[in-house]
Amino acid sequence: MADQTIGLRAETPNSTAEDVAVTSRGCCGGCCGEKKEEETKEEAGPESKKPKYRKSTQQEMSACKPVYTRAIVAILFLSVTIIAIPLGIVFVVYGLQPEEVSFRYDEVCLNGLADNAARQEYIQANAGDDTALACTVSITIDVEMKPPIYIYYEIAGMFQSHRRYVRSHLDLQLADAGGWESLVAVETAAQSCVPLIYLEGNKSQLINPCGLVAWSFFNDSYDLTRVAAINGATETLAVSEDGVAFTADVKRRFADYYPQFFNPAISPGEPGRGGATINGTVKSDQRFMVWMRLSQTSNFRKLWGIIENQELKPGDVVNVTVLNQYNTYSFNGKKSIVLATTSWLGGRSIVLGCAYIIAGGMALVFALVYLLITVVWPRPFADCSRLLKHPPAVAKPGV
């Protein structure tokens with residue numbers, strides 16, 4: 001059989017003389033393999049196309065595969081506990097440092113009316129009449145608030161994440177990029193201005209910026225005064241709009257152009273008004289940019305202004321003159337004004353800290369379980385006896 005194999009190998013058309021000689025000598029596969037490996041490791045000559053030998057290309061890199069015993073796993077879980085729980089405590093402490101005061105004003109401003117239907121009718125009947133829609137609410141400050149103090153408006157019950165609402169805007173138009181005109185009225189496009197494309201259906205009056213998102217721009221406004229608790233002195237709180245929008249939006253997302261046919265000024269009682277107008281160019285109105293950042297939930301806050309250089313003391317009273325004209329009564333929504341401070345971790349929240357503490361606590365439990373198993377039910381390393389349900393019988397000598 002060996003002679004037949006040698007003969008067949010020698011008669012192979014593609015075999016070389018060296019292969020025939022090696023086969024005829026009857027060398028083993030291991031010897032031949034060593035010879036081939038030595039040839040591969042030799043550096044290629046100047047005329048050879050053979051690549052140089054490298055461990056990385058030949059998959060001969062050194063590797064380490066750790067063996068996770070129960071003791072090692074317990075140590076790893078303890079390491080997670082040692083890191084996560086202290087971090088969670090730090091996050092909880094700094095998450096509680098920011099202060100915030102919230103006041104709901106949508107019902108207070110029209111508390112003389114019976115229900116939301118009557119309040120909606122009142123707002124629509126007095127649209128454009130700032131005197132009829134203005135009201136003053138008082139907020140008592142019970143904590144010290146140092147600048148910067150952030151002013152938010154909070155809306156509950158409004159679904160900015162609704163599919164038709166999300167689609168009804170055009171980023172290309174906001175950036176004044178070329179070719180946006182062809183997408184304005186395309187109902188199947190990912191973004192279009194349907195149904196608010198033209199003002200009152202007049203095709204010569206293209207709304208810019210168009211769409212439901214821009215048209216429903218929040219238009220309540222606030223004037224804040226502080227009554228000091230010590231001497232009763234009154235001062236106006238200066239609120240800045242600069243810095244409320246993301247830097248990326250200011251630089252790249254919105255172009256520097258004036259809006260056209262967008263929420264035009266109306267007379268009292270005239271229907272058709274959406275929300276607020278844009279002050280100056282689109283790029284200069286940062287409150288509009290904040291509104292165009294859609295919320296994923298039905299309850300959301302949006303930054304309205306910043307008090308940069310004045311602080312509030314415990315016992316101070318902040319009188320807020322609200323121009324209550326944004327209609328949340330049609331969908332039984334809620335409106336609130338929020339005064340808040342921040343820390344290096346952000347606003348007031350303990351969610352991140354609690355998540356770290358819970359993760360660290362679970363890791364501690366797992367570590368204790370592994371340690372208990374190791375102590376109560378010890379098992380030698382690489383013990384395979386439990387893998388075989390019926391161990392093989394050992395042959396007796398002489399049988």
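Residues numbered from 1 in each chain as written. Predicted model: local features only at pLDDT ≥ 70, side-chain atom pairs only at ≥ 80, totals over all residues. Heavy atoms only, no water.

Engineer: Give a description of the overall build of the protein chain that names residues and reports values.
Structural biologist: On a plain count of helices and strands, the protein chain comes out with 13 helices and 8 strands. Burial status across the protein chain gives 32% buried among its 399 residues. Across the protein chain, the fraction of contacts at a sequence separation of at least 24, relative to all contacts at a separation of at least 6, is 78%. In the form shown here, the protein chain has an accessible surface area of approximately 24500 Å², with 57% of it arising from carbon and sulfur atoms. (Helix = DSSP H or I, 4+ residues; strand = E, 2+ residues; numbered from the N terminus. Buried < 20%, exposed > 50% of the residue type's maximum accessible area, 1.4 Å probe, protein only. Contact = heavy atoms within 4.5 Å. Areas by Shrake-Rupley, 256 points an atom, 1.4 Å probe, with all protein chains shown as cover.)

Engineer: Run through the nonpolar core, naming residues and quoting values.
Structural biologist: Core analysis: the biggest nonpolar cluster contains 62 residues, and Y222, L224, F288, W291, V320 and L339 have the highest contact counts within it. Residue assignment for this core shows that the elements contributing at least two residues are β2 (134-140), β3 (149-156), α10 (212-215), β4 (221-227), α12 (286-291), β6 (299-307), β7 (317-323) and β8 (334-340). The element best represented in this core is β3, accounting for 6 residues. With sequence-adjacent residues up to four places away left out, L339 is seen in contact with E99, E100, V101, I141, M145, I149, Y150, I151, L224, L312 and V318. The next biggest cluster of nonpolar side chains, apart from the first, holds 5 residues, and it includes L110, I123, L323 and Y329. (Core = buried A, V, L, I, M, F, W, Y, C linked by side-chain atoms within 4.5 Å.)

Engineer: Requested: an account of the sheet that holds β3, with residues and values cited.
Structural biologist: Spatial ordering of the open sheet is given by β1-β8-β3-β6, a layout of 4 strands whose pairing is antiparallel. At either margin of the open sheet sits one strand with a lone partner, and together these are β1 (100-104) and β6. Adjacent strand axes in the sheet meet at a mean angle of 20°, parallel and antiparallel pairs treated alike. As paired strands, β3 and β8 are joined by 7 bridges and run antiparallel to one another. (Pairing = 2+ DSSP bridges. Axes fitted to C-alpha atoms, helices over the stretch in contact; angles between N-to-C directions.)

Engineer: Please provide a residue-by-residue account of the packing of helix α4 (residues 70-95) against helix α13 (residues 351-376), values included.
Structural biologist: α13 packs onto α4 with a crossing angle of 155° between their chain directions and a minimal axis gap of 7 Å. For the element pair α4 / α13, the angle class is roughly antiparallel. As α4 runs across α13, the sense of the crossing is left-handed. Grouping the constituent residues of the contact of α4 with α13 by class yields 23 nonpolar, 6 polar and 1 charged. (Parallel < 35°, antiparallel > 145°, perpendicular 65-115°, else oblique. Left-handed = near helix turned anticlockwise from the far one by under 90°. Nonpolar A, V, L, I, M, F, W, Y, C, P; charged D, E, K, R; others polar.)

Engineer: Give me α4: which residues, what numbers.
Structural biologist: For α4, which comprises 26 residues, the first-to-last C-alpha distance of 36 Å matches the rise-based estimate of 38 Å (1.5 Å per residue) to within 8%. Of the residues making up α4, those classed as buried are V73, A74, T81, A84, G88, F91, V92 and G95. (Expected span 1.5 Å × (residues − 1).)

Engineer: Would you mind going over α13 in detail, with residue names and values included?
Structural biologist: Because the α-helix completes a turn every 3.6 residues, residues three or four places apart line up on one side. With 26 residues, α13 ought to run about 38 Å at 1.5 Å a step, and its terminal C-alpha atoms sit 37 Å apart, in line with that. Here α13 has its buried residues at G353, G360, A363 and A367. Elements in contact with the buried residues of α13: α4.

Engineer: Explain the packing of aromatic side chains residue by residue, including any values.
Structural biologist: With the rule as written, the count across this model stands at 16 aromatic pairs. Geometrically, the ring pair formed by Y153 and W291 is tilted, given 6.5 Å between the ring centres and 35° between the ring planes. A residue pair is termed long-range when its members are at least 10 positions apart, and Y153 in strand β3 and W291 in helix α12 qualify at 138 residues. With a centroid separation of 5.3 Å and an interplanar angle of 80°, the aromatic rings of F217 and F288 are classed as edge-to-face. In this pair, F217 sits in the loop between α10 and β4 while F288 sits in helix α12, placing the two residues 71 residues apart along the sequence. Counting every residue linked through ring pairs, the aromatic cluster contains Y153, F218, W291, F300 and Y326. Note that R287 overlies the ring of W304, its terminal NZ or CZ placed 3.7 Å from the centroid. (Phe/Tyr/Trp six-rings, centres within 6.5 Å; stacked < 30°, edge-to-face > 60°. Lys NZ or Arg CZ within 6 Å of the ring centre and 35° of its normal.)

Engineer: Kindly report on the state of the cysteines, identifying the contributing residues and their values.
Structural biologist: With the rule as written, the count across this model stands at 2 disulfides. Linked covalently through their sulfurs, C109 and C135 form a disulfide whose S-S length is 1.8 Å. One end of the pair, C109, is in helix α5 (residues 106-109); the other, C135, is in strand β2, with 26 residues separating them in the sequence. When sorted by exposure, C109 lands in the same class as C135, which is buried. Disulfide pairing places C193 opposite C210 at an S-S distance of 1.6 Å. Taken together, the residues C193 in the loop between α9 (171-174) and α10 and C210 in the loop between α9 and α10 connect sequence positions 17 residues apart. (Disulfide = S-S within 2.5 Å.)

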